[in-house]
Amino acid sequence: MSRKALIAANWKMYKTPAEALAFVDAFLPLIAGHTRDEIALFPSVTSLATVVKAVEGSGVIAGLQNMHFAEDGAYTGETSAAMLKAVGATHTLIGHSERRQYFNETDEIVNKKLHTALKHGIVPVVCIGELLHEREAGHTAQVLLTQLKGALAGISAAAAHTLVIAYEPVWAIGTGKTATPEMAVEAHMIIRAELANILGSHVAKATRILYGGSVKPENATALLGEEEIDGALVGGASLKPDSFAAIVHY
Ligand code: PEP
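Read on for an overview of the structure. Here the structure is a predicted model, which means the values were calculated and not measured.

### Quick notes on the pattern of salt bridges
1) Next: If you walk through the whole model with that rule in mind, you get eleven salt bridges.
2) Next: Ionic pairing is found between Glu 38 and Arg 208, a salt bridge with its closest N-O pair at 2.9 Å. A residue pair is termed long-range when its members are at least 10 positions apart, and Glu 38 in strand β2 (residues 38-42) and Arg 208 in strand β7 (residues 208-212) qualify at 170 residues.
3) Next: Residue class for Glu 38 comes out partly exposed when judged on its relative accessible area of 25%.
4) Next: Among the residues examined, Arg 208 registers a relative accessible area of 14% and is labelled buried.
5) Next: In this structure, Asp 230 engages Arg 192 in a salt bridge whose closest nitrogen and oxygen atoms are separated by 2.7 Å. With Asp 230 in the loop between α10 (217-224) and β8 (231-234) and Arg 192 in helix α8 (residues 181-199), this pair connects stretches of sequence that are 38 residues apart. With respect to class, Asp 230 is no different from Arg 192; both count as buried.

### Remarks on helix α7 (residues 140-152)
1) Next: Here α7 spans 18 Å end to end across 13 residues, near enough to the 18 Å set by a 1.5 Å rise per residue.
2) Next: When we look at burial in α7, the residues that qualify are Thr 140, Val 143, Leu 144, Leu 145, Gln 147, Leu 148, Ala 151 and Leu 152.
3) Next: In this fold, the buried residues of α7 make contact with α4 (97-102), α5 (107-119), β5 (123-128), α6 (132-136), β6 (164-167) and α8.
4) Next: At the C-terminal side of α7, Gly 154 shows a positive phi close to 75°.

### Details of the packing of aromatic side chains
1) Next: Under the definition given, this model contains four aromatic pairs.
2) Next: Judged by centre distance (5.2 Å) and plane angle (35°), the ring pair of Phe 23 and Phe 27 falls under tilted. Note that Phe 23 and Phe 27 are positioned in helix α1 (residues 17-31) at a spacing of four residues, about one turn of the helix.
3) Next: Owing to a relative accessible area of 2%, Phe 23 belongs among the buried residues under this scheme.
4) Next: Taken together, a centroid distance of 6.3 Å and an interplanar angle of 55° make the contact between Tyr 167 and Tyr 211 tilted. Of this pair, Tyr 167 sits in strand β6 while Tyr 211 sits in strand β7, and the two are 44 residues apart along the sequence. Residue Tyr 167 shares its accessibility class with Tyr 211, and that shared class is buried.
5) Next: For Lys 15, the ring lying beneath its charged end belongs to Trp 11, and the centroid distance is 5.2 Å.

### Focus: the packing of α1 against helix α2 (residues 48-55)
1) Next: Interaxial distance between α1 and α2 falls to 9 Å at its minimum, and their mutual angle equals 20°. Classified by the interaxial angle, the pair formed by α1 and α2 is roughly parallel. Crossing of α1 against α2: the hand is right-handed. Across the interface between the two elements, Pro 17, Ala 20, Leu 21, Val 24 and Leu 28 of α1 pack against Thr 50, Val 51, Ala 54 and Val 55 of α2.
2) Next: Residues that form the contact of α1 with α2 fall into these classes: eight nonpolar, one polar and no charged.

Definitions and cut-offs
Along each chain, numbering runs from 1 in the same order as the chain's sequence is written. In view of the model being predicted, local features appear only for residues whose pLDDT reaches at least 70, and side-chain atom pairs are presented and counted only at 80 or more, with totals across whole chains, interfaces and linings using the full set of residues. Think of the side-chain values as coming from all heavy atoms in the structure, minus any hydrogens and water. Salt bridges, as used here, are contacts in which a Lys or Arg side-chain nitrogen is within 4 Å of a carboxyl oxygen on Asp or Glu. Secondary structure is summarised from DSSP: a helix means a run of H or I of at least four residues, a strand means a run of E of at least two, and numbering begins at the N terminus for each. Relative accessibility decides the category of a residue: with a 1.4 Å probe and only protein chains considered, values under 20% of the type maximum give buried, values over 50% give exposed, and everything between is partly exposed. The span expected for a helix works out to 1.5 Å for each residue beyond the first. In this description, contact between two residues means that some pair of their heavy atoms is separated by no more than 4.5 Å. Ring pairs are drawn from Phe, Tyr and Trp, using the six-membered ring of Trp, whenever the two centres fall within 6.5 Å, and their geometry is named by plane angle: stacked under 30 degrees, edge-to-face over 60, tilted for the rest. The criterion is that NZ of a Lys, or CZ of an Arg, lies within 6 Å of the ring centre and within 35 degrees of the ring normal, and then a charge sits over that ring. In this analysis, axes come from line fits to C-alpha atoms, helices being fitted only over the stretch in contact, and the angle between any two N-to-C directions falls in the range 0 to 180 degrees. Angles below 35 degrees are treated as roughly parallel, those above 145 as roughly antiparallel, those between 65 and 115 as roughly perpendicular, and all remaining angles as oblique. Rotating anticlockwise by less than a right angle from the far helix to the near helix defines a left-handed crossing, while the corresponding clockwise rotation defines a right-handed one. Note on residue classes: Ala, Val, Leu, Ile, Met, Phe, Trp, Tyr, Cys and Pro are nonpolar, Asp, Glu, Lys and Arg are charged, and everything else, Gly too, is polar.

Given below as C-alpha cells:
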C-alpha cells in the first residue's frame, strides 16, 4: 500500500503573524506544483488564522501545535477543537515531546486529546519517542509501545483512519543529532507492528509514520528515501522557506 508522505513544519514558539505571512509568501512559489507529498505548517496559535488564509488554494495544510481535550471550559491559555476548526485549520500535533517535557503531558492526556481530535474530524499527528537514557538502556521498543498503547486506548480502527504518528527520538530534537535511517526504520517497524496489534493490519499499513529529529536538507534524502518513513516533522530547519522547501524536494 502506498502512503503519501507528509512533510510538516513545527514552528514551535517562533514567528509573529507578519513573519508567518512572509514565510508563506516566500515558500509557496518554491513548492508550486509539488504534488508528490502533503505539506503542512504548524504555526503558533496567534499565527494560525493568518497562515490558513495565506495558504488557501495552495494545497498546503495548516494545523495547531497543541489542542485541549475539553470541548470548552475554564482552561486559561488553551485552545479547543472547535476554535481550531473555526479558523479553518484541519490538523493538530498531539503529545510533542516538548509538551510532555515542559507541560507534564502524559499518555493519558495524549489519549484524551486524540479522542477529541478524532471526534471533531481533526487529523492528529501523535508524537512519540524515547529519551537518550532510555535508548542507551535498550528500552526504546518498550517506551514506544507504552506511549502508543497509552495514546490509542479506546480508539477504534474505524476512527483511526486519519491517524498520523511521528516518531521523534527526544535526543534528536533540536540537538543536531539525527537518528540514522536504519535507527528510524527500526523504530518505525516496531511502531507499525504495534499499530497492527492494536488497530489491525489494514490500518497499520495505511498509517503514516513520520520521522522527526534534526531533519535538514542534508539528511532528508537518506531518511525520506526509506519506504518505512512516510514523511518528516521538522522543527529548526522549517523556519526558513528555502531550507524547508529543500526538504520538501528531497
Ligand atoms: C520538532 O520540533 O518536532 C523537531 C523535530 O525539531 P527539530 O527538527 O528542530 O529537531
